[in-house]
Number of protein chains: 2
Amino acid sequence: MKRRHFFQGMTAAAATAVAAPAIAQQRFEWRMVTAYPKNLPILQTGCEQLAARISDLSAGRLQIKVYSAGELVPPLQCFDAVSRGAAEMGVDSAYYAYGKTKASAFFSAIPFGMTAQEMNAWIYFGGGQELWDEAYAPFGVRAFLCGNSGAQMGGWCRKEIKSLSDIKGLKYRIPGMGGQVLEKLGATVVLLPGGELFGALQSGAVDGVEWVSPYVDYGMGFFRVAKNYYWPGFQEPCSAVQMMVSSAKFESLPKDLQQIVTVSCSVQNDLMLAEFSSRNGPVLENLVREQGVKLQQFPRDVLVALGTASGEVMQEIIETADATTRKVAQSYLKARRELLTWTQIGEQGYANARLLPFKYPK
Amino acid sequence: MKRRHFFQGMTAAAATAVAAPAIAQQRFEWRMVTAYPKNLPILQTGCEQLAARISDLSAGRLQIKVYSAGELVPPLQCFDAVSRGAAEMGVDSAYYAYGKTKASAFFSAIPFGMTAQEMNAWIYFGGGQELWDEAYAPFGVRAFLCGNSGAQMGGWCRKEIKSLSDIKGLKYRIPGMGGQVLEKLGATVVLLPGGELFGALQSGAVDGVEWVSPYVDYGMGFFRVAKNYYWPGFQEPCSAVQMMVSSAKFESLPKDLQQIVTVSCSVQNDLMLAEFSSRNGPVLENLVREQGVKLQQFPRDVLVALGTASGEVMQEIIETADATTRKVAQSYLKARRELLTWTQIGEQGYANARLLPFKYPK
């Protein structure tokens, strides 16, 4: 009897010991769809790193299989796929969901809007995340920052843009709100998929092409057929990357796995901007020194006109959009104003002083 | 016999089930010393968040008790404490270890050096982390980025600085390399602990005080006794926060706990810069609109002289320092040059265009 009791005790303890890890180690096998071609540096490889980090931190309890653009759903349908449950997770730019909700634009890039550092401030500490949750709630989707390209470039032009009059009739490949802005200045906006851009620029089918920033643009080879590389990238002063997750699936995770997901996205956000910055510098030096590329600043009258047109596009969104988008826009614009005040004398004021003529070791 | 076998099997399985978590769940109770007063917003509260995050992600396997400045060791002796094993972890600014190794300065702030975004690029992707490991190896310490203040301000002055001649004889509280730079311009550098700064500025014992940036400076009340708030913060274009850990202790952790530590630091790095940026904007508006503070840019001749003097201080370090410091300096200067090339037309070029006169919704 005593012996039986002992074994009973053991088995009870064993049952508990087995049961606790069994619950704790409930495993999830999820799919992540992305908008990026397989092996695309930083963006797609970053998704693979994100999935691996989540798997590592969860000791394999949350396994994520990453599908690049087109493998499971077309590149522009990641938001939809997560919304309808075809995938638990997705990574892309928020403005791809512009057709579903205009509010999405504010979580990726706005012409003459916030920089990456300002976006992080707004999303994490200025009420941005809460509004993001609210905007995506009707679609059963939540999203987190998981990277940023930082400032982008204005694009590649076959001919020099000397003044505002050169914009009229310019055939320019530029999507989204940036395209709306350029149209207001009389440009003819052309939409072409990435694979056709080089040929169109080479043949003169387009006069100019906007893509990303030096490191990514280099890989596209535009510098071989157009030598004028314009800055600043008024259309995308930053481009945030979002990690979307099905709200229901996310809520079904144990709390510790939820934290592992959010923490892993934050790490990706920290690393991606640093990687883009790091890669852009040397590539830019190479483009100028080795490839004969001319870095061209948009003329002042063009910039002022672009700024004015950007303001008009923004105003039209505010006036015509749904209530949620207006609420998001108001919060975004308030943050932009406050943060710009600081950037102006902070990072920007400093960076301008650093360019004054004085001797400094190289 | 059969029954006995069954129980044997059960107990063997139970033993395995118990043993595996027991190994996986080896617990560590560590101490983290910091350079910050208890409850100091962002900096000290960030250390508490960091410790909590590590505990959460490790399911309590790595517990860290945080000691604020002076609780276990004096605020400037965190590096030493981690090096000699008085604490497993420490958080402060790398340049507090300047007396141990001059290389440390390059991992926190350099007059007219890199911004926060550039520092992240260098540390994560430009070879900075490897050099950091090398520089601290003789002390048995490793360090990771775990935050950044972003750009700082030049400080508070009782009187206006109209030209370079106003710097001569100016009694200015400014520590470290920034102080060396100002001395070259004829200022009298004063070192005072934080608690004495307000009184010294109020009484005129000092003409000016350099501290941090708007949010933190606001809490010190300097605006009540000095109305000229100078920018840019040439002395600290960013100020990185480091999380130090005893190399031996770190190596003794299971690999998954090592990853939890590094990941948690990266999250802190992502969040802190965003929080500083977010807090600085509204405070700056308040200082100007409600408190009568005048935002003053250092005059151009002063900035050029500060830049030149900063270059000289840097050159002296390179020429007189040990081999490791020189190696670190060379890598830092190369990264600074490359990244500056990109910043100039990227974030900075964009931010300058954003200030042109055009209408934009507020």
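Keep in mind that this is a model prediction, so the values were computed, not measured. (Residues numbered from 1 in each chain as written. Chains lettered and ligands numbered in written order. Predicted model: local features only at pLDDT ≥ 70, side-chain atom pairs only at ≥ 80, totals over all residues. Heavy atoms only, no water.)

(A) Fine view of the overall build of chain A. For chain A, the helix and strand inventory stands at 13 helices and 11 strands. If one aligns the C-alpha atoms of chain A with their principal axes, the spans along those axes are about 100 × 45 × 45 Å. Here chain A, with 362 residues, has 58% of them falling under the buried criterion. Considering only contacts in chain A between residues 6 or more positions apart, those separated by 24 or more positions represent 76%. Of the accessible surface of chain A, which amounts to about 13900 Å², a share of 54% is contributed by carbon and sulfur atoms. (Helix = DSSP H or I, 4+ residues; strand = E, 2+ residues; numbered from the N terminus. Buried < 20%, exposed > 50% of the residue type's maximum accessible area, 1.4 Å probe, protein only. Contact = heavy atoms within 4.5 Å. Areas by Shrake-Rupley, 256 points an atom, 1.4 Å probe, with all protein chains shown as cover.)

(B) Quick look at the sheet that holds strand β1 (residues 28-34) of chain A. Residue and element names in this part refer to chain A. Pairing is mixed in the open sheet, where 5 strands are placed in the order β2-β1-β3-β10-β4. The open sheet has two edge strands with one neighbour each: β2 (62-67) and β4 (141-148). Direction aside, neighbouring strands of the sheet carry axes that sit 25° apart on average. Both β1 and β2 contribute to a ladder of 6 bridges, which runs parallel. (Pairing = 2+ DSSP bridges. Axes fitted to C-alpha atoms, helices over the stretch in contact; angles between N-to-C directions.)

(C) Quick look at the nonpolar core. Ranked by internal contacts, the top residues of the largest apolar core, which has 70 residues, are Leu62(A), Met89(A), Met243(A), Leu62(B), Met89(B) and Met243(B). Counting 69 residues, the second largest nonpolar core, distinct from the first, contains Val82(B), Ala116(B), Val181(B) and Ala305(B). (Core = buried A, V, L, I, M, F, W, Y, C linked by side-chain atoms within 4.5 Å.)

(D) Spotlight on the relation of the copies chain A and chain B. Superposing chain A onto chain B takes a rotation of 180° combined with a translation of 0.0 Å along the rotation axis, leaving an RMSD of 0.0 Å. Those values place the two copies in the arrangement expected of a two-fold rotation axis. When the interface residues of chain A are mapped onto chain B, 100% of them again lie at the interface, so the same face is used by both copies. (Least-squares fit on C-alpha atoms with pLDDT ≥ 70 in both.)

(E) Representation of helix α4 (residues 116-125) of chain B within the structure. All names here are of chain B. Most of α4 sits inside the fold, with 8 of its 10 residues counted as buried. Burial in α4 covers these residues: Ala 116, Gln 117, Glu 118, Met 119, Asn 120, Ala 121, Trp 122 and Ile 123. Positive backbone phi, at 90°, marks Gly 127, one or two positions downstream of α4.

(F) Region of interest: the pattern of salt bridges. Residue and element names in this part refer to chain A. As enumerated under the stated definition, the model contains 29 salt bridges over all chains in all. Ionic pairing is found between Glu 134 and Lys 327, a salt bridge with its closest N-O pair at 2.8 Å. Here Glu 134, found in helix α5 (residues 128-136), pairs with Lys 327, found in helix α12 (residues 323-345); they are 193 residues apart in sequence, far enough to count as distant. The exposure class assigned to Lys 327 is partly exposed, which follows from its relative accessible area of 40%. Its salt-bridge partner being Glu 251, residue Arg 142 comes within 3.6 Å of it at the nearest N-O pair. In this pair, Arg 142 sits in strand β4 while Glu 251 sits in helix α9 (residues 247-252), placing the two residues 109 residues apart along the sequence. Among the charged side chains, a salt-bridge network with shared partners connects Asp 80, Arg 84 and Lys 100. (Salt bridge = Lys/Arg side-chain N within 4 Å of Asp/Glu carboxyl O.)

(G) Broad picture of the state of the cysteines. Scanning all chains against the criterion turns up 0 disulfides over all chains. With no disulfide of its own, Cys78(A) lies closest to Cys47(A) among cysteine sulfurs, the gap being 8.8 Å. Take Cys78(A): its relative accessible area is 0%, and that puts it in the buried class. Cysteine Cys238(B) is unpaired, with the sulfur of Cys146(B) as its nearest cysteine sulfur at 13 Å. (Disulfide = S-S within 2.5 Å.)

(H) Expanded view of the environment of Lys359(A). Mapped onto the secondary structure, Lys359(A) falls in the segment after α13 (347-354). Under the relative-accessibility criterion, Lys359(A) is labelled exposed at 72%. Ignoring any residue separated from it by four or fewer positions in sequence, one finds Lys359(A) in contact with Gly307(B), Thr308(B) and Gly311(B).

(I) Region of the structure containing the interface of chain A and chain B. Counting residues at the interface gives 93 residues for chain A and 93 residues for chain B. Carbon and sulfur atoms make up 68% of the area that chain A and chain B hide from each other, which totals about 8300 Å². On the chain A side of the interface with chain B, the three residues burying the most area are Trp342(A), Tyr350(A) and Tyr360(A), jointly 10% of the side's total. Our count for the chain A to chain B interface comes out at 4 salt bridges. Salt-bridge contacts for Arg354(A) lead to Glu118(B); the nearest nitrogen and oxygen are separated by 2.8 Å. At the junction of chain A with chain B, the criterion picks out 27 residue pairs in polar contact (both at pLDDT 80 or more). Elements represented by at least two residues in the side of chain A that touches chain B include exactly α1 (2-24), α2 (43-57), α4 (116-125), α10 (255-290), α11 (300-320), α12 and α13 of chain A. Taken together, the residues that form the side of chain A that touches chain B break down as 48 nonpolar, 28 polar and 17 charged. (Buried area = accessible area lost by both parts, 1.4 Å probe. Polar contact = N/O pair within 3.5 Å; in protein donor to acceptor, adjacent residues only side chain to side chain. Nonpolar A, V, L, I, M, F, W, Y, C, P; charged D, E, K, R; others polar.)

(J) Quick peek at the environment of Asn280(A). As for its position among the elements, Asn280(A) is in helix α10. Exposure remark for Asn280(A): the relative accessible area of 0% places this residue in the buried category. Separated by 60 residues in the primary sequence, Asn280(A) and Leu340(A) place their C-alpha atoms 24 Å from one another. For Asn280(A), the contacting residues outside a window of four places in its chain are Ser213(A), Pro214(A), Tyr215(A) and Trp342(B).

(K) Quick look at the packing of aromatic side chains. Under the definition given, this model contains 40 aromatic pairs over all chains. Seen in terms of ring centroids, Phe28(A) and Trp30(A) are 6.5 Å apart; in terms of plane orientation they differ by 80°. Their pairing is edge-to-face. Neither residue differs from the other here; Phe28(A) and Trp30(A) are each classed as buried. Across the ring face of Tyr360(B), the terminal group of Arg336(A) is positioned such that the distance to the ring centre comes to 3.8 Å. The ring of Tyr67(B) has Lys65(B) sitting right over it, with the charged end atom 5.1 Å from the ring centre. (Phe/Tyr/Trp six-rings, centres within 6.5 Å; stacked < 30°, edge-to-face > 60°. Lys NZ or Arg CZ within 6 Å of the ring centre and 35° of its normal.)

(L) How the structure looks around helix α2 (residues 43-57) of chain B. Between its terminal C-alpha atoms α2(B) stretches 21 Å, which fits the 21 Å expected from 15 residues at 1.5 Å a residue. Within α2(B), burial applies to Leu43(B), Gln44(B), Gly46(B), Cys47(B), Leu50(B), Ala51(B), Arg53(B), Ile54(B), Ser55(B) and Leu57(B). (Expected span 1.5 Å × (residues − 1).)

(M) Main features of the confidence of the model for chain A. When pLDDT is averaged along chain A, the result is 92, and 93% of the positions lie at 70 or above. Low pLDDT (under 50) marks residues 1-22 of chain A, which in the prediction has 12 contacts with non-local residues, meaning those over four places away or in another chain. (pLDDT = per-residue confidence, 0-100.)

(N) Representation of the packing of α2(A) against helix α10 (residues 255-290) of chain B within the structure. Running from N to C, α2(A) and α10(B) point in directions that differ by 130°, and their axes come no closer than 10 Å. As far as their axial angle goes, α10(B) and α2(A) are oblique. Relative to α10(B), α2(A) is oriented so that their crossing is left-handed. Residues Arg53(A), Asp56(A) and Leu57(A) of α2(A) form the contact with α10(B), whose own contacting residues are Gln259(B), Ile260(B) and Val263(B). (Parallel < 35°, antiparallel > 145°, perpendicular 65-115°, else oblique. Left-handed = near helix turned anticlockwise from the far one by under 90°.)

(O) Quick peek at the sheet that holds strand β9 (residues 228-231) of chain A. All names here are of chain A. Here we have 6 strands laid out as an open sheet, ordered β7-β6-β8-β5-β9-β11, and mixed in their pairing. In this open sheet, the two strands that pair with only one neighbour each are β7 (188-190) and β11 (294-297). As paired strands, strand β5 (residues 155-157) and β9 are joined by 3 bridges and run antiparallel to one another. When the bridges of β9 are listed, Trp 156 appears paired with Tyr 229.

(P) Looking closely at the side chain of Asp270(A). Examined against the element boundaries, Asp270(A) turns out to sit in helix α10. Within the buried set, Asp270(A) has no salt-bridge partner at all; the shortest N-O distance to an opposite charge, 9.0 Å, is to Arg53(A). Among the polar contacts made by the side chain of Asp270(A), one reaches the side chain of Tyr124(B) at a distance of 2.5 Å. For Asp270(A), the side chain forms a polar contact with the side chain of Asn269(B), separated by 3.0 Å. (Lys, Arg positive; Asp, Glu negative; His and termini not counted.)

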